[in-house]
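Tertiary structure, described
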Amino acid sequence: MLIVDRTRPTGPAGRITHVETLLLGTAWRDFGYVRVHTDQGLSGVGEITHPYRVAETAALAQALANRHLIGADPFDTEELWLRLYQGDFLRGGDIGGIALSGFDQAMHDLMGKALGVPVYRLTGGACRDRVRVYANGWYNGEREPDVFAAKAKETVAKGYSALKFDPFGAGLHELSRAELRQSVELVGAVREAIGPDVDLFIEGHARFAMTTASALLRALEPFDIGWLEEPMPWTHIERYAELRARAPFPISGGEHFHNRYEYKQLFATNAVDIIQPDLSMAGGLTEVRKLAAIADTHGMMVAPHNSNSPLCTTVSVHASLGITNFKILETFDGLLEPFVFDAVRGTLPVTADGHVGIPTAPGFGVELDDDVFAEHPPTHRFWNMFSDGWEKRNRT
């Protein structure tokens, strides 16, 4: 099963001939991509952005392509997913999951281009007319209530009807009384600034002990939040259900998991109300559709994580259109420099009312501009979200 069958008839995209990886440096993080070519003159793109290890991910992606993809038919998505996941015997963890996800995206892009249809037509079609998104990354700056309140107002004025932010500074495991008070004041200031009709989601970045997470349930209850995201490390997954039972609002999470096997305990323990798989981390469209179906059997909603580039936003929109238990999609697109959109031409824009409409272009409709990539090489910098001032995103 893990050997390319060159005698099997191929689909209209032909066979894969070679693969490229491209890296783009931005003020926030380095973005990574794969571009897969076939003998029919087609190319498909996918995102392989890793928050901190994008160069290593690109290196593994190239090696995986050479071992498992050359000569394959892009239409054989299930076989290719299995080949990329199991073919190296020792699984790839986060780096391997991201590389696999990017290739799965590229296969879908190739299929859509070969057939002349948008990708969402290949993954169940649409069950909604547009995809609602929420803004993240808008709050970089001084952790002061008036600063965050003003930035939240500015973001809502751009059309977003939902925001997410992490108010907790550099806290890890516990929060001092002063830090807890400041964090709650930030949430209160933002809620007051945006009013009662805008959804507000709070990010925990998977870093608090059970006692602190429990205290946050009480402290955040007055602010009518839409969810508390990943309040505890996933090493404590067995306690998530206990926390969820106490919570007056939904608990969300799942961005750290890369496939259904890693999600297994989350589902088995009913750890969250809302799962957050990332289309560039959790196995691409092939796997996220399965995760959404499993979540549906547990009465859970799906709010895809997306701290990536506009390409992943576009991919996530295609996937979200056909997910029946979809809730809302994350985007950082408003944080990015204009040249990012030049580098990944054709990505779907966020409309003035905080939604993304139904795509019409074949595949994802996105092409990578090599000249822009050459002008903005990767920086390989790092910012530590457990240090003071991480929210300013001043990397070292």
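All of the points below concern the structure found in this document. Computed from a predicted structure; not experimentally measured. (Residues numbered from 1 in each chain as written. Predicted model: local features only at pLDDT ≥ 70, side-chain atom pairs only at ≥ 80, totals over all residues. Heavy atoms only, no water.)

Let's talk about the packing of helix α2 (residues 77-86) against helix α9 (residues 284-297)
- Contact geometry of α2 with α9 gives a least axis separation of 9 Å together with a crossing angle of 95°. In terms of orientation, α2 lies roughly perpendicular with respect to α9. Every residue of α9 that contacts α2 at Thr77, Glu78 and Trp81 is listed here: Thr286, Glu287 and Lys290.
- In the contact of α2 with α9, the residues fall into one nonpolar, two polar and three charged. (Axes fitted to C-alpha atoms, helices over the stretch in contact; angles between N-to-C directions. Helix = DSSP H or I, 4+ residues; strand = E, 2+ residues; numbered from the N terminus. Parallel < 35°, antiparallel > 145°, perpendicular 65-115°, else oblique. Contact = heavy atoms within 4.5 Å. Nonpolar A, V, L, I, M, F, W, Y, C, P; charged D, E, K, R; others polar.)

Considerations on the sheet that holds strand β1 (residues 16-24)
- The strand order across the open sheet formed by three strands is β1-β2-β3, and the pairing between neighbours is antiparallel. Every other strand in the sheet has two partners, leaving β1 and β3 (43-47) as the edge strands with one partner each. Sheet twist, expressed as the average angle between the axes of neighbouring strands with direction ignored, equals 20°.
- The sheet contact formed by β1 and strand β2 (residues 31-38) spans eight bridges and is antiparallel. Bridging from a neighbouring strand, His18 pairs with His37 of β2.
- Sitting on the sheet, helix α1 (residues 54-68) is in contact with β1 and β2, with an inclination near 175° to β1.
- Strands β1, β2 and β3 of the sheet are contacted by helix α3 (residues 93-115), whose axis makes an angle of about 145° with β3. (Pairing = 2+ DSSP bridges.)

A look at the environment of Pro349
- Secondary-structure assignment places Pro349 in the loop between β12 (344-345) and β13 (355-357).
- The exposure class of Pro349 is exposed, given its relative accessible area of 57%.
- Leaving out residues up to four positions away in the same chain, Pro349 has contacts with His355 and Val356. (Buried < 20%, exposed > 50% of the residue type's maximum accessible area, 1.4 Å probe, protein only.)

A closer look at the packing of α1 against α3
- Here α1 crosses α3 at 60°, and the two axes come no closer than 9 Å. One finds that α1 runs oblique with respect to α3. Along this stretch, α1 crosses α3, giving a crossing that reads as right-handed. Where α1 abuts α3, its residues Glu56, Thr57, Leu60, Ala61, Leu64 and Ala65 lie against Ile95, Gly96, Ile98, Ala99 and Phe103.
- Grouping the amino acids of the contact of α1 with α3 by side-chain chemistry returns eight nonpolar, two polar and one charged. (Left-handed = near helix turned anticlockwise from the far one by under 90°.)

Observations concerning the pairing of strand β6 (residues 199-203)
- The buried fraction of β6 is high, at four of five residues.
- One ladder, built from four bridges, connects strand β5 (residues 162-165) with β6; its direction is parallel. Residue pairing for β6: Lys164 is matched across the bridge by Phe201.
- The β-α-β motif built from β5, the intervening helix α5 (residues 177-194) and the parallel element β6 has right-handed crossover chirality.
- In the sheet, β6 pairs with strand β7 (residues 227-229) via three bridges, with the strands oriented parallel. Opposite Glu203, over in β7, you have Glu229 as the bridge partner. (Right-handed = clockwise from strand over helix to strand, strands pointing away.)

Let's talk about the pattern of salt bridges
- Within this structure, the stated rule accounts for 22 salt bridges.
- The partner of Arg53 in a salt bridge is Asp94, with the nearest N and O atoms 2.5 Å apart. Placement of the pair is Arg53 in the loop between β3 and α1 and Asp94 in helix α3, with a sequence separation of 41 residues.
- Relative accessible area serves as the criterion here: at 25%, Asp94 is assigned to the partly exposed category.
- Ionic pairing is found between Glu229 and Lys164, a salt bridge with its closest N-O pair at 2.7 Å. (Salt bridge = Lys/Arg side-chain N within 4 Å of Asp/Glu carboxyl O.)

Structural notes on the side chain of Thr123
- Along the polypeptide, Thr123 turns up in the loop between α3 and β4 (130-135).
- On the basis of relative accessibility, which here comes to 3%, the residue Thr123 falls in the buried class.
- What Thr123 contacts, discounting residues up to four positions off in sequence, is His108, Leu285, Arg289 and His318.

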